[in-house]
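# Descriptive analysis of the structure
Single-letter residue listing:
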Amino acid sequence: MTLYFQTFQDFIDMGGHGFFVWTSYAFCFVGLLGYFIYSNNLSQSNKKELVKFYRKLTDREQRLAKHNHTNDSSEVNE
Amino acid sequence: MWTWFYQLASPKWFYQFSTRLLPWFRWITGLLFLLGLALGLLFSQVDYQQGNTVRILYIHVPAAFMGMFAYVVMAITGAIGFVWRIKMAHIVSVSCASVGALFTLLALITGAVWGKPTWGTYWIWDARLTSFLILFFLYLGFMALHNAFDDKKTADRAAAVLAIVGLVNIPIIHFSVEWWNTLHQGATISKFEKPSMDADMLAALLVMLAAYQFYFLTALMQRVRAEILVREKLSGWVQKLVTGNNS
């Protein structure tokens, strides 16, 4: 197994086709890396959303409990 | 063996299992990509007609293959979810869509950039290219349809039907180069014949295929985990995981 290119300039030039080769490699690199980061962050952002969701849920439960409690006492007063 | 199979269908078990598996998959993906790129860009020989543009092969062919592979996974898991009403199957099916669409888009873009110096045009309405563009639209349709329903269960079932119907496009893509006169060349690797390419090039291509495969599994796992959190938000273990207490 031998290196195909003799110099770094040859490697960049790709026998005159450098533009096409490096454009397609750049698209793949950006696409794959971008999606990897996006899908990796998805769990974190979903967790943040869920924290808000649970807070709302417990708030609602507490208000409901309070509401029921006041209703109970008003019934007793009557 | 069957208990393992049943556990796989449990979102909680999958989430915990994948937490341990994910770092390994990320490392394997990264290493395979490094090895594949070194083989493809530095050590492999060039095509006597195409010259160095043939190096686009190492990112184009795996992307095209994975675009089709992800679609088959999406349709099969969709069908499993549709018939046996397994939650996890639908979660996997839905998570396949966007990563599959990415592979398909990358195959189309790299193919277009490769087409310019080789065929003299970026795009042509040829059977292989058109059927592959339809695959991309099928992915977009699947995602749009799934987003159109508020109820996730209805969305899962409707999207699964679309995925199963669209499966007919996969053999069309595969055989398009044989059925019609196309500019696109036929398959170079086949299960039944000796591959018609140089051993160094084949090695680079196979390593890149493995790298894309592991990338797919890693990205899919990450998406599935995010999807599980949202769908299982009312079960105790997710609340415990997110808030850190058992309230």
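Rules and cut-offs
Counting from 1, residues in each chain are numbered in the order their sequence is written. Chain labels run from A onward and ligand labels from 1 onward, assigned in the order the entries are written. Selection of residues for local features in this predicted model requires a pLDDT of at least 70, selection of side-chain atom pairs for listing and counting requires 80 or more, and totals for whole chains, interfaces and linings are taken over all residues. Hydrogens and water molecules were not included; the side-chain quantities draw on all heavy atoms of the structure. What counts as a ring pair is set by centres within 6.5 Å for rings of Phe, Tyr and Trp (its six-membered ring), and what kind of pair is set by the plane angle: stacked under 30 degrees, edge-to-face over 60, tilted for all other angles. Helix and strand assignments come from DSSP, with helices taken as H or I runs of at least 4 residues and strands as E runs of at least 2, each series counted from the N terminus. Relative accessible area decides the class of each residue, using a 1.4 Å probe on protein chains only: under 20% of the type maximum gives buried, over 50% gives exposed, and in between gives partly exposed. For a helix, the expected span equals 1.5 Å multiplied by the residue count minus one. In this description, the arc belongs to the directions extending from the helix axis to the C-beta atoms. Residue contacts are counted whenever heavy atoms from the two residues lie within 4.5 Å of one another. Only buried Ala, Val, Leu, Ile, Met, Phe, Trp, Tyr and Cys residues count toward a nonpolar core, and they belong to the same one when joined by side-chain atoms within 4.5 Å. Geometry is summarised by axes, namely lines fitted to C-alpha atoms with helices restricted to the contacting stretch, and by angles between N-to-C directions that run from 0 to 180 degrees. Here is the rule for angles: anything less than 35 degrees is roughly parallel, anything more than 145 is roughly antiparallel, 65 through 115 is roughly perpendicular, and the remaining ranges are oblique. Helix crossings are classified by the rotation of the near helix relative to the far one: an anticlockwise turn of less than a right angle makes the crossing left-handed, while a clockwise turn makes it right-handed. The term salt bridge refers to a pairing of a side-chain nitrogen on Lys or Arg with a carboxyl oxygen on Asp or Glu at a separation within 4 Å. What gets called buried area is simply the loss in accessible area from a 1.4 Å probe that two parts show on being joined, summed for both. Think of a polar contact as two N or O atoms within 3.5 Å of one another; within protein, one of them needs to be a possible hydrogen donor and the other a possible acceptor, and neighboring residues in sequence only count if both atoms come from side chains. For this scheme, ten residues count as nonpolar: Ala, Val, Leu, Ile, Met, Phe, Trp, Tyr, Cys and Pro. Four count as charged, namely Asp, Glu, Lys and Arg, and the remainder, Gly too, count as polar.

### Here we look at the packing of aromatic side chains
With the rule as written, the count across this model stands at 23 aromatic pairs over all chains. Aromatic pair F8 of chain A and F11 of chain A: ring centres 6.0 Å apart, planes at 45°, arrangement tilted. Here the residue F8 of chain A and the residue F11 of chain A both occupy positions in helix α1 (residues 8-13), the gap between them amounting to 3 residues, near one helical turn. A residue is classified by how much of its surface remains accessible, and F8 of chain A, at 61% relative accessible area, is exposed. Taking 5.4 Å as the distance between ring centres and 80° as the angle between the ring planes, the aromatic pair formed by W123 of chain B and W125 of chain B counts as edge-to-face.

### Concerning helix α6 (residues 152-166) of chain B
Residues and elements named next belong to chain B. In this model α6 runs 21 Å from its N-terminal to its C-terminal C-alpha over 15 residues, within 8% of the 21 Å that 1.5 Å per residue would give. Within the sequence span of α6, burial applies to A155, D156, A159, A160, A163 and G166. Here the buried residues of α6 occupy an arc of 130° about the axis, which is enough to place them on one side. Facing away from the buried side of α6 by more than 90 degrees, the exposed set consists of K153 and V165. Of the surrounding secondary structure, the elements contacted by the buried residues of α6 are α3 (57-84), α4 (87-119), α5 (127-148), α7 (169-179) and α8 (199-231).

### A few points about the nonpolar core
Residues and elements named next belong to chain B. Counting 77 residues, the largest nonpolar core has Y71, Y212 and Y215 as the members making the most contacts within it. For this core, the leading source of residues is α8, giving 16 residues. Setting aside residues up to four positions removed in sequence, Y71 forms contacts with L135, L138, Y139, L162, A163, G166, L167 and I170.

### Overview of the packing of α5 of chain B against α7 of chain B
Residues and elements named next belong to chain B. Contact geometry for α5 and α7: axes closest at 8 Å, N-to-C directions at 160°. The angle between α5 and α7 falls in the class roughly antiparallel. In the crossing of α5 with α7, the sense of the turn from one axis to the other is left-handed. The residues of α7 that touch α5, namely those facing A127, R128, S131, F132, I134, L135 and L138, are N169, I170, I172, I173, H174, S176 and V177.

### A few points about the pattern of salt bridges
Residue and element names in this part refer to chain B. Tallied over the full model, the rule gives 5 salt bridges over all chains. Close ionic contact of K87 with E232 constitutes a salt bridge, the shortest N to O distance being 3.1 Å. A residue pair is termed long-range when its members are at least 10 positions apart, and K87 in helix α4 and E232 in the loop between α8 and α9 (236-243) qualify at 145 residues. Through salt bridges with shared partners, one network takes in K152, D156, E227 and R231.

### Overview of the interface of chain B and chain A
In this assembly, 48 residues from chain B lie in contact with 33 residues from chain A. Of the roughly 3700 Å² buried between chain B and chain A, counting both surfaces, carbon and sulfur atoms make up 73%. Where chain B touches chain A, the interface holds 0 salt bridges. Our count for the chain B to chain A interface comes out at 14 residue pairs in polar contact (both at pLDDT 80 or more). When its residues are assigned to classes, the side of chain B that touches chain A shows 29 nonpolar, 12 polar and 7 charged.

### Some details on the environment of A97 of chain B
On the secondary structure map, A97 of chain B appears in helix α4. For the pair formed by A97 of chain B and L145 of chain B, sequence separation is 48 residues and the distance between their alpha carbons is 11 Å.

### With respect to the side chain of S176 of chain B
Residue and element names in this part refer to chain B. Relative to the assigned elements, S176 resides in helix α7. A polar side-chain atom of S176 sits 2.8 Å from the main-chain carbonyl oxygen of I173. Setting aside chain neighbours within four positions, we find S176 in contact with A127, R128, S131 and T182.

### Details of α3 of chain B
In this model, α3 of chain B (28 residues) spans 40 Å end to end at C-alpha, consistent with the 40 Å of a helix rising 1.5 Å per residue. Of the residues one or two after α3 of chain B, R85 of chain B is the one with positive phi, at around 55°.

### Re the packing of α4 of chain B against α5 of chain B
Residues and elements named next belong to chain B. Remark: α4 packs on α5, axes separated minimally by 9 Å, with the N-to-C direction vectors making an angle of 155°. Judged on the interaxial angle alone, α5 and α4 are roughly antiparallel. Crossing geometry of α4 relative to α5 is assigned as left-handed. Side by side, α4 and α5 meet where S93, V94, C96, A97, S98, G100, A101, T104, L105, A107, L108 and W119 of the first sit next to L129, F132, L133, L135, F136, Y139, F142, M143 and H146 of the second. Along the lines of polarity and charge, the residues of the contact of α4 with α5 split into 16 nonpolar, 5 polar and no charged.

Keep in mind that these numbers describe shape and distance, not what the molecule does.
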